[in-house]
Amino acid sequence: MKRVPKPMFFIVALLILAFSFTAIFGVSYYTGDNQNTVLKGIGDIRWGIDIRGGVEATFKPADNYDATDEQLESAKSIIELRMISQGITDYELYADKGNDRIIVRFPWKSDEKEQNAVEAINEISSTAKLTFRPGKEYANTEVGSDGSYVYKTPTGDTENILMDGSQVKSARASVYQTDKGESQYVVSLEFTDEGAKTFGEITSQYVNNTISIWMDDIMLSAPTVNSAITDGKAQIEGDFTAKEATDLANKINAGALPFQLETVSNGSISATLGENSLTAMAYAGIIAFIIISLIMIIFYRLPGFIAVISLLGQMGLTIAAVSGYFTTIPSFTMTLPGIAGMILSIGMGVDCNVITAERIKEELKAGRTLDGALDRGTKNSLSAIIDGNMTVIIVSVILMLVFGPSNILSIIFGESTTGTIYSFGYTLLVGVIANFVMGVFLSRIMLRSVAGFKFLRKKWLFGGAKNDK
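Residues numbered from 1 in each chain as written. Predicted model: local features only at pLDDT ≥ 70, side-chain atom pairs only at ≥ 80, totals over all residues. Heavy atoms only, no water.

**Quick notes on the overall build of the protein**
Selection rule: Secondary structure is summarised from DSSP: a helix means a run of H or I of at least four residues, a strand means a run of E of at least two, and numbering begins at the N terminus for each. Buried means the residue's accessible area, taken with a 1.4 Å probe over protein chains only, is under 20% of the maximum for its type, while exposed means over 50%, and partly exposed covers the values in between. Contact criterion: two residues are considered in contact whenever any of their non-hydrogen atoms come within 4.5 Å of each other. Every accessible area reported is derived by Shrake-Rupley at a probe size of 1.4 Å, with residue values counting cover from the shown protein chains alone.
Each helix and strand counted, the protein has 11 helices and 17 strands in total. By residue count, 49% of the 469 residues in the protein fall in the buried class. Contacts in the protein between residues at least 24 apart in sequence constitute 72% of all its contacts with a sequence separation of at least 6. Approximately 23,000 Å² of the protein is accessible, and the part contributed by carbon and sulfur atoms is 56%.

**Some details on the nonpolar core**
Nonpolar side chains in soluble globular proteins generally cluster together in the buried interior. Stated precisely, the cut-off is as follows: We call a set of buried residues a nonpolar core when its members are Ala, Val, Leu, Ile, Met, Phe, Trp, Tyr or Cys and they connect through side-chain atoms within 4.5 Å of each other.
Among the nonpolar cores identified, the biggest contains 40 residues, and Phe 132, Val 187, Leu 189, Phe 191 and Ile 252 are the most heavily contacted of them. With five residues, helix H3 (residues 69–85) is the single largest residue contributor to this core. Setting aside its immediate chain neighbours within four residues, Leu 189 contacts Phe 132, Ser 170, Ala 171, Gly 232, Lys 233, Ala 234, Ile 236 and Ile 252. By size, the runner-up hydrophobic cluster in this structure holds 31 residues, among which are Ala 307, Val 308, Leu 311 and Met 400.

**Here we look at helix H9 (residues 370–402)**
Each α-helix winds once per 3.6 residues, and so residues spaced three or four apart point in a common direction. To keep things clear, this is the line we draw: What a helix is expected to span follows from its residue count: subtract one and scale by 1.5 Å. Each residue is assigned a bend, namely the angle between axes fitted to the seven residues that terminate at it and the seven residues that start at it.
In this model H9 runs 47 Å from its N-terminal to its C-terminal C-alpha over 33 residues, within 8% of the 48 Å that 1.5 Å per residue would give. At Leu 382, H9 is deflected by roughly 30°, the largest bend along its length.

**Examining the packing of aromatic side chains**
Going by this rule: Centres within 6.5 Å are what make two rings of Phe, Tyr or Trp a pair, Trp counting through its six-membered ring; a difference in plane orientation under 30 degrees is then read as stacked, over 60 as edge-to-face, and the rest as tilted.
Across all of its chains, the model carries 12 aromatic pairs by this definition. Here the aromatic rings of Tyr 138 and Tyr 151 are separated by 4.6 Å at their centres, their planes lie at 50°, and the arrangement is tilted. With a gap of 13 residues between them, Tyr 138 in strand E8 (residues 138–143) and Tyr 151 in strand E9 (residues 149–154) connect regions that are remote in the sequence. Measuring from ring centre to ring centre gives 5.3 Å for Tyr 325 and Phe 326, while their planes differ by 80°; the resulting arrangement is edge-to-face. By relative accessible area, which is 13% here, Tyr 325 ends up buried. For Phe 326, a relative accessible area of 30% gives the class partly exposed.

**Side note on the sheet that holds strand E12 (residues 183–191)**
Here is the rule: In short, DSSP must find at least two bridges between two strands for them to pair. Angles shown run from 0 to 180 degrees and are taken between the N-to-C directions of axes, each axis being a line fitted to C-alpha atoms and, for helices, limited to the stretch in contact.
Across the sheet, three strands lie side by side as E11-E12-E15; this open sheet has antiparallel pairing. In this open sheet, the two edge strands, each paired with only one partner strand, are strand E11 (168–177) and strand E15 (233–240). Each adjacent strand pair in this sheet contributes to an overall mean axis angle of 25°, direction not counted. Pairing of E12 with E15, which is carried by six bridges, proceeds in the antiparallel orientation. Bridge pairing in E15 links Ser 188 to Gln 235.

**Here we look at the side chain of Thr 58**
Following the sequence through the fold, Thr 58 ends up in strand E4 (residues 54–61). Discounting chain neighbours no more than four positions away, the residues touching Thr 58 are Arg 101, Ile 102, Ile 103, Glu 262, Thr 263, Val 264 and Ser 265.

**Description of the sheet that holds strand E16 (residues 261–269)**
One key point about sheets: their strands pair by backbone hydrogen bonds, in either a parallel or an antiparallel sense. Pairing within the open sheet is antiparallel, and its four strands lie in the order E5-E6-E4-E16. The open sheet is flanked by strand E5 (92–96) and E16, the only strands paired with a single partner. On average, adjacent strands in this sheet sit at an angle of 15° to one another, irrespective of strand direction.

**Structural notes on the pairing of E4**
Here E4 lies mainly inside the structure; seven of its eight residues are buried. Here E4 pairs with strand E6 (residues 101–107) via six bridges, running antiparallel. Residue pairing for E6: Ala 57 is matched across the bridge by Val 104. Relative to E16, E4 runs antiparallel, the two sharing eight bridges.

**Side note on the packing of helix H7 (residues 277–323) against helix H8 (residues 336–365)**
Think of two packed helices as two axes; the pair is described by the angle between the axes and how far apart they sit. The line we're drawing: Geometric relationships in this document are graded by angle, where less than 35 degrees denotes roughly parallel, more than 145 denotes roughly antiparallel, 65 to 115 denotes roughly perpendicular, and other angles denote oblique. Think of it as three bins: nonpolar holds Ala, Val, Leu, Ile, Met, Phe, Trp, Tyr, Cys and Pro, charged holds Asp, Glu, Lys and Arg, and polar takes everything else, Gly as well.
Interaxial distance between H7 and H8 falls to 10 Å at its minimum, and their mutual angle equals 5°. What the angle tells us is that H7 and H8 run roughly parallel. The class makeup of the residues in the contact of H7 with H8 is 17 nonpolar, six polar and two charged.

**Comments concerning unusual backbone geometry**
Negative phi is the rule for most residues except glycine; trans is the rule for most peptide bonds. Positive phi, normally seen in glycine, also occurs at Asn 64, with a value near 55°. Within the secondary structure, Asn 64 sits in the loop between E4 and H3. Taking the relative accessible area as the measure of exposure, Asn 64 reaches 67% and is therefore exposed. A positive phi angle, near 70°, is found at Asn 208, a position not held by glycine. Within the secondary structure layout, Asn 208 lies in the loop between helix H5 (193–205) and strand E13 (211–215).

That's the geometry; what it means functionally is another story.
Following this line, the structure appears as structure tokens:
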């Protein structure tokens, strides 16, 4: 067996405990009455409507404007874009085209104390501003809730605005046949008379350079100008699918809408599970973790103790991926199915440690030395752990791809259902990955490290019979 230095147990265990503590409770400090968050914890998670409640609102075009179905769909698209960019996956969003209405429901923000419905609605319904800018420099990169990259905040030369969405007459998805006979999807733009003149001057200046298209501070596209365009019609080419081209066209149209949205009605939605459900779930989780820890230690002794540390690390890593602890991963809306996915992944973490501990016990009963039992036991358990976890990873990825906030099945199942199932797949995937890191890799380092201490080199501490030395 490959020896691991004795201090590694203490180093790894302390790092796991420190990380788990900061991931669960967060790190913040106060400047006067203002709280400054350094690392986000459970308190910074945006809980879903089913757990904490949220906001319900109905919008209509202002000034009795008679919006077309396409314009209404574009307005719906920009509201969805804003929610996705904020990591809100537990939402319901409908366009009632017969009555020119848009209905939306979404959860409260994590730091919303007074729960002001009007303020929360203004956060997502304010008029979007479409701009055309030179280059494609951006300050921040985030991962959207659908797994795609979101480029935010123009910087450098890209801070300059060349023209805005008021000069765009329309945008639509189109398809044409290439010279090879393949279908290629593009987004066709048509400008107003004033926009055609402005766009012609811009494209003449930026031939062979990039002009990026932004919605507020989010970059939608960054095409390269192939030639000067003076006829008021342009095409954005790229490796688009039909849906991607349609989505981009809708977002561009949303920034060029000739109307503003006004709120017809708004109100608060009570949590379907009750106000105290989150507290009850927290207590239940703590009690369950204590019981599992006691069982693991009683039945598997030293490997069980190490398993408890790795399970705590797995839980901390899963929470960190949801709360926004890592700056590259924004906060994620946690719903009841999301919590179910986390619990299931922790259950798989327990199973992972049980399989390893049982294999070590079997090797000890077969008469092997302690080092031999640890070596054979960890190797023999690895294939079973990988098989079980890889199956779950594949299922999780499929759930996220099929039921993400933007996909073709949203038409069938509705946005609320897709967001809910996506939440389950996301936490399950993150939990299983955390299981590989903590339950497979780090727990085995700790196990081999403690085996180097002479006073701990007793077989019964690793699951052997009490009379074994």
